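Examination of the molecular architecture
So you can see what is in the structure, the chains are spelled out below.
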Amino acid sequence: MTDTLKNLPQYRALAEHYDAIQGKHLRDLFAEEAERGSKLSLEAVGLYLDYSKNRITDETMGLLIDLARGCELPEAIEAMFSGEKINLTEGRAVLHTALRAPAGTSVVVDGENVIPDVHAVLDKMAAFCDCVRGGEWVGHSGLPIRNIVNIGIGGSDLGPVMAYESLKYFSARELNFRFVSNVDATDFAEAVADLDPMETLFIVASKTFTTIETMTNANTARQWLLHRIGGDESAVAKHFVALSTNAEKVSEFGIDTANMFEFWDWVGGRYSMESAIGLSTMLAIGPAGFRDMLAGFHEMDEHFRNAPLEENLPVLMGMLSVWYANFFGVETTAVLPYEQYLKRFPAYLQQLTMESNGKSTTVDGRPVDYQTGLIYWGEPGTNGQHSFYQLIHQGTRLIPCDFIAFAKSLNPIGDHHDILIANVLAQSEALAFGKTDAEVRSEGTQDWLVPHRVFEGNRPSNTIVAERMSPAMLGKLVALYEHSVYVQSVVWNIDAFDQWGVELGKVLAKAIIPELAVDADSVLDHDSSTNALIERYRKMK
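Residues numbered from 1 in each chain as written. Predicted model: local features only at pLDDT ≥ 70, side-chain atom pairs only at ≥ 80, totals over all residues. Heavy atoms only, no water.

**Observations concerning the overall build of the chain**
- Along its length, the chain carries 21 helices and 13 strands.
- Taking 24 Å as the expected radius of gyration for a compact globule of 541 residues, we find that the chain reaches 25 Å, a close match to that expectation.
- By principal-axis analysis of the C-alpha atoms, the chain measures approximately 75 × 60 × 60 Å.
- Expressed as a percentage of its 541 residues, the buried residues of the chain come to 52%.
- Put simply, 73% of the contacts in the chain that link residues at least 6 apart link residues at least 24 apart.
- Split by element, the accessible area of the chain, about 23200 Å² in all, is 51% carbon and sulfur.
- The distance from the centre of the 44 positive side-chain charges to the centre of the 73 negative ones in the chain is 4 Å. (Helix = DSSP H or I, 4+ residues; strand = E, 2+ residues; numbered from the N terminus. Rg over C-alpha atoms; globule rule 2.2 N^0.38 Å. Buried < 20%, exposed > 50% of the residue type's maximum accessible area, 1.4 Å probe, protein only. Contact = heavy atoms within 4.5 Å. Areas by Shrake-Rupley, 256 points an atom, 1.4 Å probe, with all protein chains shown as cover. Lys, Arg positive; Asp, Glu negative; His and termini not counted. Charge placed at Lys NZ, Arg CZ, Asp CG, Glu CD.)

Shown next as C-alpha cells:
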C-alpha cells in the first residue's frame, strides 16, 4: 500500500476524471446514451440495482474498479473469508460470514474449523425455540411463555429489533416481543408495563455479562420478576436466558448455564444478528425462517466473494460511496426503504456503517488525509417525502440516496402498492432530472415565483428492487451493506471492525456515577463545565 490513498496512480486518475466530468448533468448523461438506464444496472442474487442515476460514466466505473484493484480489494475479500486476523488493532479474525456458512464447509481460525461450533449453537437455539414456541417451556408458575423481552444494547439490540420489525409478517403473533436497550429507566418501565411476569422470558445479551447498560436493565428485570412472584430466586432460571460467553457471571445471576447461548470473539456486535444474538429473531420467525435468513446472507456472501468486481453488487455500491465521499465531498447518504417493514433498517445501518468506518487513522496508525465514514440515515417512504426530502431536492447539500423497493406487497390492499411504487420511481426521477427554469415558466408561473419552483436535479441515487420481502431477502440486504462497508474500509485503509471510539465515554461515565450522589464527598477533578454540571445535578436531584 502506498503511503496514502491519494498517492495511488489510480486515485490520481480518478481525480483528473472528476475534474473533467463533475460539471456534467444527469440530463446530459442520459441524453447522450439512450440505453443508459439498462446499461448501468446489475441483477444478482434476487436483487436488481439500477445505478444509472449516479454522476458517472462508463469511464468512471472503470476507474473506480481500477482503484479497488490498486487497493488490493480482491486479496482483502479473500483474507476476510479465509479467517485472517484482519481486525488488526484487536488481533482478531472477522468471520460473520462463518455464521451463515452451511454445515460441512470449513473456516479455520487458529487451526480449528469453527463451522461445527456455529451449527452446534444454531441447533441448540432451534431446540430451545421449538420448546418455547410449542408451549413446552413454562415459567415458574407452570404457564407457557407469551412475552419475550430482549435486553441488550448496540448490536445486541439494533440487529434483533430491526430483524423483528422487518420480518414481523412472518412472526408468531401469539408471542409479544419487546426490546430494552436504553439505561433510561423509562425504556424498561414501558416495555414491561402491561406484561405478566409469569408469562415473560427475558433474553440478556452481553458477551461479557458486564455491559453496564445491559446489566443495569437485566438486574432491574430480575428485581421486577422476584418482586411479583414473592422473591423465590429459583424462578430466575425459568424466566431468563443468556447470550454470553461468561458462564461464571451468568450463573451468579441465577441463569442455568445450560440456557446460555455462546458466540465468539470473531463476531463483532454490529455483525452478530445471525449468531446467538438472533435468538429473539428465531423465536419470532421460527428455526426454519431463521435458516432461510442465513441462506440469504450466504448467497450474498458467495456473490461478494466470487463475482468479478465490475459485476459485484457490494463492490459497485461501496466504490460509488468512495466516489462521492472523496471527490464530491459528500458527507451523508440517505437510505430510503419503500417498505414499512424496513422502518428500522436505516437505524440499523447507522451502527453498521458509522461504527465501522468512523475512523481517522489508517490500519498502520497514521492520520488519514482524506474523508472516511459517510453518515447514513433515513426513514421509510413515503413518510420522508413529507419531512426531509425538501432538503434533498432543493437544499445546498448533495445527498446520494439509496431507494429500496419491492415489486410485490406482503399486504396487498387496493391500489396502495402501485401508489407506493409510483412514489419511489418519481422521487428518483425528480432527483436526477429536476425541473428547469424553462419548464417552470411554460406552466405559466409568475416570474417572481419561478426561482422557488426550479429543481436543479443532478442529485444521485441508487434504486434497489426485489420481488418481495422475506427472511432470505433481509439476509441479502444486510449482507449487501455489510460488504459495501468493508469495500469502503479497504480503499480508505482503515479497520472497519474495531470501535475504540465508544470506549472513552464509557470510562468517564463510570468515574462520574459515584460523584452524582448528593452526599458525595469526592473532590471533583473534571473541567470547569463538567464540575459545574455535576454540582447542578446534585442540587436539582
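From this point, the discussion proceeds with the structure in view.
**Some words on the pattern of salt bridges**
- Summed over all chains, the structure comprises 25 salt bridges.
- Residue Arg178 pairs with Asp194 through a salt bridge whose shortest N-O separation is 2.9 Å. In this pair, Arg178 sits in strand β6 (residues 176–180) while Asp194 sits in the loop between α8 (185–192) and β7 (200–205), placing the two residues 16 residues apart along the sequence.
- Arg178 sits in the partly exposed class, given a relative accessible area of 23%.
- According to the relative accessible area criterion, Asp194 is exposed, its value standing at 56%.
- Residues joined by salt bridges that share partners form a network here, namely Arg100, Glu274, Asp301 and Glu482. (Salt bridge = Lys/Arg side-chain N within 4 Å of Asp/Glu carboxyl O.)

**Focus on the pairing of β7**
- Within β7, six of the six residues are buried, which leaves the element mostly enclosed by the surrounding structure.
- Of the two faces of β7, the one carrying Thr200, Phe202 and Val204 and the one carrying Leu201, Ile203 and Ala205 are both buried.
- The pairing of strand β5 (residues 147–151) with β7 spans five bridges and is classified as parallel. The residue of β7 that forms the bridge with Asn147 is Thr200.
- Relative to strand β8 (residues 240–243), β7 runs parallel, the two sharing four bridges. Residue pairing for β8: Val204 is matched across the bridge by Ala242. (Pairing = 2+ DSSP bridges.)

**Here's the deal with the side chain of Glu165**
- Among the structural elements, Glu165 can be located in helix α7 (residues 155–166).
- According to the relative accessible area criterion, Glu165 is buried, its value standing at 18%.
- Sequence-distant contacts of Glu165, that is, excluding residues within four places in its chain, are made with Tyr341, Lys343 and Arg344.

**Structural notes on the UniProt feature "active site" (unreviewed entry) in the chain**
- When the UniProt feature table is mapped onto this chain numbering, "active site" (unreviewed entry) sits at Glu355, His386 and Lys506. In terms of the greatest pairwise C-alpha distance, the residues named above, spread along 152 residues, do not form a single cluster, extending to 37.3 Å across.
- Within the fold, Lys506 resides in helix α20 (residues 503–512). (UniProt positions renumbered as here; feature names shortened; annotations may be inferred.)

**Thoughts on α7**
- For α7, which comprises twelve residues, the first-to-last C-alpha distance of 16 Å matches the rise-based estimate of 16 Å (1.5 Å per residue) to within 8%.
- Across the twelve residues of α7, twelve count as buried, placing the element largely inside the fold.
- For α7, the set of buried residues is Gly155, Ser156, Asp157, Leu158, Gly159, Pro160, Val161, Met162, Ala163, Tyr164, Glu165 and Ser166.
- Packing partners of the buried residues in α7 comprise β5, β6, β7, α12 (279–306), α14 (345–357) and α19 (471–492). (Expected span 1.5 Å × (residues − 1).)

**Re the environment of Leu122**
- Mapped onto the elements, Leu122 comes out in helix α6 (residues 115–133).
- A relative accessible area of 3% places Leu122 in the buried class.
- Distance in space between the C-alpha atoms of Leu122 and Leu279 is 9.2 Å, their sequence separation being 157 residues.
- Here Leu122 is in contact with Leu99, Glu274, Met282, Phe290, Arg291 and Leu294, once residues within four sequence places are set aside.

**Quick notes on the packing of aromatic side chains**
- Tallied over the entire structure, the rule returns 28 aromatic pairs.
- A centroid spacing of 5.0 Å and a plane angle of 75° characterise the contact between Phe128 and Trp137, whose relative ring orientation is edge-to-face. Like Phe128, the residue Trp137 is buried in the burial classification.
- On the numbers, 5.0 Å between centres and 5° between planes, the contact of Trp264 with Trp266 is stacked. Across the pair, exposure class does not vary: Trp264 and Trp266 are buried alike.
- Linked through ring pairs, Tyr11, Tyr18, Trp323, Tyr324, Phe327 and Phe328 together constitute an aromatic cluster.
- Positioned over the ring face of Phe30 is Arg36, at 5.2 Å from the centre of the ring.
- The ring of Phe261 carries the charged tip of Lys124 above its face, separated from the ring centre by 5.1 Å. (Phe/Tyr/Trp six-rings, centres within 6.5 Å; stacked < 30°, edge-to-face > 60°. Lys NZ or Arg CZ within 6 Å of the ring centre and 35° of its normal.)

**Quick word on the sheet that holds strand β13 (residues 461–466)**
- Taking strand neighbours across the sheet as the criterion, the six strands line up as β1-β2-β13-β12-β10-β11 in an open arrangement whose pairing is mixed. Every other strand in the sheet has two partners, leaving β1 (41–44) and β11 (375–377) as the edge strands with one partner each. Averaged over neighbouring strand pairs, the angle between their axes works out to 15° when direction is ignored.
- Sheet analysis places strand β12 (residues 401–406) next to β13, joined by six bridges and oriented parallel. Paired with Ile404 across the two strands is Ile464, which belongs to β13.
- Strands in contact with α14 are β10 (332–337), β11 and β12; relative to β11, the strand with the most contacts, it is inclined by about 165°. (Axes fitted to C-alpha atoms, helices over the stretch in contact; angles between N-to-C directions.)

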